[in-house]
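Residue-level listing of the chains:
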Amino acid sequence: MFPNINRRLAPVLCLLAVVFLTSTPGQALEAITDRIVVLTFDDSVKSHYTVVRPILKKHGFGATFFITEGWDFATNKEHYMTWEQIAELHRDGFEIGNHTRDHKGLNAKNPEALKKQLAQLPEQLEAINRRCEEHGIPRPVSYAYPGNGTHPDAYPILKAAGIKFARRGGAPEFEYTEGKGFAYEPGADHPLLLPTAGDARPAWEFKDFKRAVDQAKFGRISILQFHGVPDIAHPWVATKKEEFEKFMAYLFENHFKVIALRDLEKYVDPDAIPENPEAIIKERQKAVADGKLEPYFKSLATEGEGPPGFPNTLAAKTAALLKLMPIVDLQLKTPEDVELRKGIVYGRGSGRELELDLYTPRKEKEKPVPGLIFIHGGAWRGGKRSDYHYYGVKFAEAGYVVATISYRLLKEAPFPAAVEDAKCAVRWMRSHAAELGVDPDRIGVAGGSAGGHLAMMLGFSSDVPELEGNGGHAGISSRVQAVVNLYGPADLTTPFGIHSRLVKDFLGGRTFDQAPEVYRQASPLSHLTPDDPPVFIIHGTIDDTVPIAQADLLANRLQELEIPFRYDRLEGWPHALDIAKVTNDRVRKAMLEFFAEHLGQ
Ligand SMILES: [Zn+2]
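Definitions and limits used
Residues numbered from 1 in each chain as written. Predicted model: local features only at pLDDT ≥ 70, side-chain atom pairs only at ≥ 80, totals over all residues. Helix = DSSP H or I, 4+ residues; strand = E, 2+ residues; numbered from the N terminus. Buried ≥ 20, exposed ≤ 12 C-beta atoms within 10 Å, placed from the backbone. Contact = placed C-beta atoms within 7 Å. Domains from an automatic or database assignment. Nonpolar A, V, L, I, M, F, W, Y, C, P; charged D, E, K, R; others polar. Pairing = 2+ DSSP bridges. Right-handed = clockwise from strand over helix to strand, strands pointing away. Axes fitted to C-alpha atoms, helices over the stretch in contact; angles between N-to-C directions. Parallel < 35°, antiparallel > 145°, perpendicular 65-115°, else oblique. Left-handed = near helix turned anticlockwise from the far one by under 90°. Core = buried A, V, L, I, M, F, W, Y, C linked by C-beta atoms within 7 Å. Expected span 1.5 Å × (residues − 1). Arc of directions from axis to C-beta.

A. A look at the overall build of the protein. Looking only at helices and strands, the protein has 20 helices and 16 strands in total. Seen through its principal axes, the protein has C-alpha atoms that stretch 90 × 50 × 45 Å. Residues classed as buried in the protein amount to 52% of the 601 residues present. Taking the contacts inside the protein whose residues are at least 6 apart along the sequence as the reference set, 77% of them involve residues at least 24 apart.

Structure, rendered in structure tokens:
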């Protein structure tokens, strides 16, 4: 493949090729990694300037200061910042957010009074906007509901005023007095109704703070709300300086990414509105009432801690380049005890033959063995079946009959061609089971990235006849009995899928708005039903090609439907993580256990 390049360097180049080929071009959203925290400070308190500012600057943290001219802001400059100090916060790089001129909430019980509050909102916002303009501060794009009183009729008003993100308190899931809340779940929470994960109070202890920030994982982002440090004018929400320093030191020492509210735009699309923003709030209220908070605070990961990872993909790539991270031998010599037959035709697609490579243990088999199908990745547009030569050899050595398949890539035909071809390969293996020495009732599938997506489609959509295609072996079931999904996308109807150019290309150039039903049809998750086979998910938390949230979403659904699953959630590992020897060894061993358990080898 790289004739002029040193053989030892070739695998590294392959890794880079895999990582680059599968990276989304354009202004794709960044992956929501664990430990992202948004800091917000309300009410223009003097100590934001005198105490908070130097501490945040020391750590290099971002933050949003929500400015209001409420109470005696105009005259009491002992307790409230001056506009010049606010402008300096902006010049320091912090965000200035809008908290209304008079700290006007939307909390009236009486509908007439509420109507009046809503009617006043535009001028309340505009007054702060004008002040910002006077002081060279950009027009705020973030808003905090004063007194945390919210109302859906405020959304169009906020939108019209240029607000992209609006923060509420921890209520209604928790009582205001508790200062507790849930982390923001992108995709489920409305961008103009972002929950506070923790609202600091004088009685707050370190564990209360930790409870709030430790929710910042599994695709969730913790938004914290502080008032003064200290807060002389509002002592019921004050934080002591020593406490605050301890909190910030914890974030710093544990490598949290600490950002302003406006920075959310790097991770989420503020225009992607969940279908029913009330649903997530109801779900959490029920969890609080039932005392079942585990799904929010505990990982669904099942495999325990993995090998030490990296802070980001670039660091992992650099380690590979510098040979600090050994890579698996992709050109592994086929051993004596494995028979490799290349280029077997398994079906037809777009008028041509579809091929696979077959790895069979040479040892005489007493009885049929399980069959495995491996599906390579490459963003549905690249990659080749020999990318999985290594797995072919290793699993044949372990006694399986293994096929690595080629399928139509999107330059030849878009979705559902690749799905049809993968299904055809299963039908081929099942119809040739006797001659292959395969037990037709024990066929497993594994794939990485786009291949993981196809593996899941095999697992979850065997009951969708319109996805079978007509590549051959009609009338034979394409159902599989076990699925391994290595960092594949499970739900293309999420903001990740909707905004990915690769996904759009894969679906024939159609946007979600043009063809939502195609996005659903192409999403493994939308086909998942309780009778589907066991799944093993392997995904790295710093994956910036397919976000870890995709795996978390899948694990959540599998748990809800009570489908057996394993989940190796590898902290600090990027996309294509199994190219590293240390993770490949771990993952292969776990896959062998998984197949042994569910296919009985
Ligand atoms: Zn306030």
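Moving on, there is more to tell.
B. Spatial organisation of the domain arrangement of the protein. With domains assigned, the protein is organised as domain 1 (36-169 + 193-276) and domain 2 (313-599). The C-alpha-based centres of domain 1 and domain 2 are spaced at 44 Å. Contacts between the two partners involve 5 residues from domain 1, matched on the other side by 7 residues from domain 2. The class makeup of the residues in the side of domain 1 that touches domain 2 is 3 nonpolar, 1 polar and 1 charged.

C. Highlighting the pairing of strand β15 (residues 535-540). Counting buried positions along β15 yields 6 of 6 residues, so the element is predominantly enclosed. Alternating positions in β15 separate into two faces, Val535, Ile537 and His539 on one and Phe536, Ile538 and Gly540 on the other, with burial throughout. One ladder, built from 4 bridges, connects strand β14 (residues 482-486) with β15; its direction is parallel. Across the sheet, leucine 486 pairs through a bridge with isoleucine 538, a residue of β15. As for the winding sense of the linkage, the β-α-β connection from β15 through helix α19 (residues 548-560) to strand β16 (residues 565-570) is right-handed.

D. Broad picture of the sheet that holds strand β9 (residues 338-349). Spatially, β9-β10-β12-β11-β13-β14-β15-β16 is the arrangement adopted by the 8 strands of the open sheet, whose pairing is mixed. Edge positions in the open sheet fall to β9 and β16, since each of these has one partner strand only. Strand after strand, the sheet turns through a mean of 20° between neighbouring axes, direction not considered. Strands β15 and β16 of the sheet are contacted by α19, whose axis makes an angle of about 155° with β15. Relative to the sheet, helix α20 (residues 581-599) contacts β11 (369-375), β13 (438-448), β14, β15 and β16, its axis offset from that of β14 by approximately 165°.

E. Molecular detail of the environment of leucine 561. Within the element layout of this structure, leucine 561 appears in the loop between α19 and β16. Residues leucine 561 and valine 393, 168 residues apart in the sequence, show an inter-C-alpha distance of 34 Å. With residues up to four places along the chain from it excluded, the contact list for leucine 561 reads Leu528 and Pro530.

F. Representation of the packing of helix α2 (residues 46-59) against helix α7 (residues 241-253) within the structure. Two numbers describe how α2 lies on α7: the axes approach to 11 Å, and their chain directions differ by 20°. What the angle tells us is that α2 and α7 run roughly parallel. With respect to the hand of their crossing, α2 and α7 are arranged in right-handed fashion. Note on element contacts: α7 touches α2 through Lys241, Phe244, Glu245, Met248 and Phe252, opposite Val51, Ile55 and His59. Split by residue class, the contact of α2 with α7 holds 5 nonpolar, 1 polar and 2 charged.

G. Region of the structure containing the nonpolar core. In this structure, Val37, Val38, Ile373, Ala422 and Ala425 are the most contacted members of the largest nonpolar core, which totals 167 residues. Here this core takes 9 residues from helix α12 (residues 417-431), the largest share from any one element. Counting contributing residues, this core receives three or more from each of domain 1 (36-169 + 193-276) and domain 2 (313-599). Beyond its immediate sequence surroundings of up to four residues, alanine 422 is in contact with Ile375, Ile405, Tyr407, Leu454, Met457 and Leu458.

H. Expanded view of unusual backbone geometry. With an omega of 10°, the peptide bond between alanine 171 and proline 172 qualifies as cis. Relative to the assigned elements, proline 172 resides in the loop between β5 (165-167) and β6 (198-199). One non-glycine residue with positive phi stands out, namely serine 449, at about 60°. Here serine 449 is to be found in the loop between β13 and α14 (450-460). The buried category is assigned to serine 449, around which 27 C-beta atoms lie within 10 Å. Positive phi is not limited to glycine here, since alanine 576 has a value of about 60°. Topologically, alanine 576 is positioned in the loop between β16 and α20. On the basis of neighbour counts, which here come to 26 C-beta atoms within 10 Å, the residue alanine 576 falls in the buried class.

I. Summary view of α7. Taking 1.5 Å per residue, 13 residues should reach 18 Å; α7 reaches 18 Å between its end C-alpha atoms and fits that length. Buried within α7 we find Phe244, Phe247, Met248 and Leu251. One side of α7 carries all its buried residues, which in axial view fall inside an arc of 90°. Of the residues in α7, the exposed ones pointing more than 90 degrees away from the buried face are Glu242, Lys246 and Glu253. Buried positions along α7 lie against β1 (36-42), α2, α6 (206-213) and β8 (257-259). Directly after α7, the chain includes histidine 255, whose backbone phi takes a positive value near 60°.

J. How the structure looks around the packing of α12 against α14. Between α12 and α14, the shortest axis-to-axis distance is 10 Å and the interhelical angle comes to 60°. Handedness of the α12/α14 crossing: right-handed. Across the interface between the two elements, Ala418, Val419, Ala422, Lys423 and Val426 from α12 touch Leu454, Met457 and Leu458 from α14. For the contact of α12 with α14, a count of residues per class yields 7 nonpolar, no polar and 1 charged.

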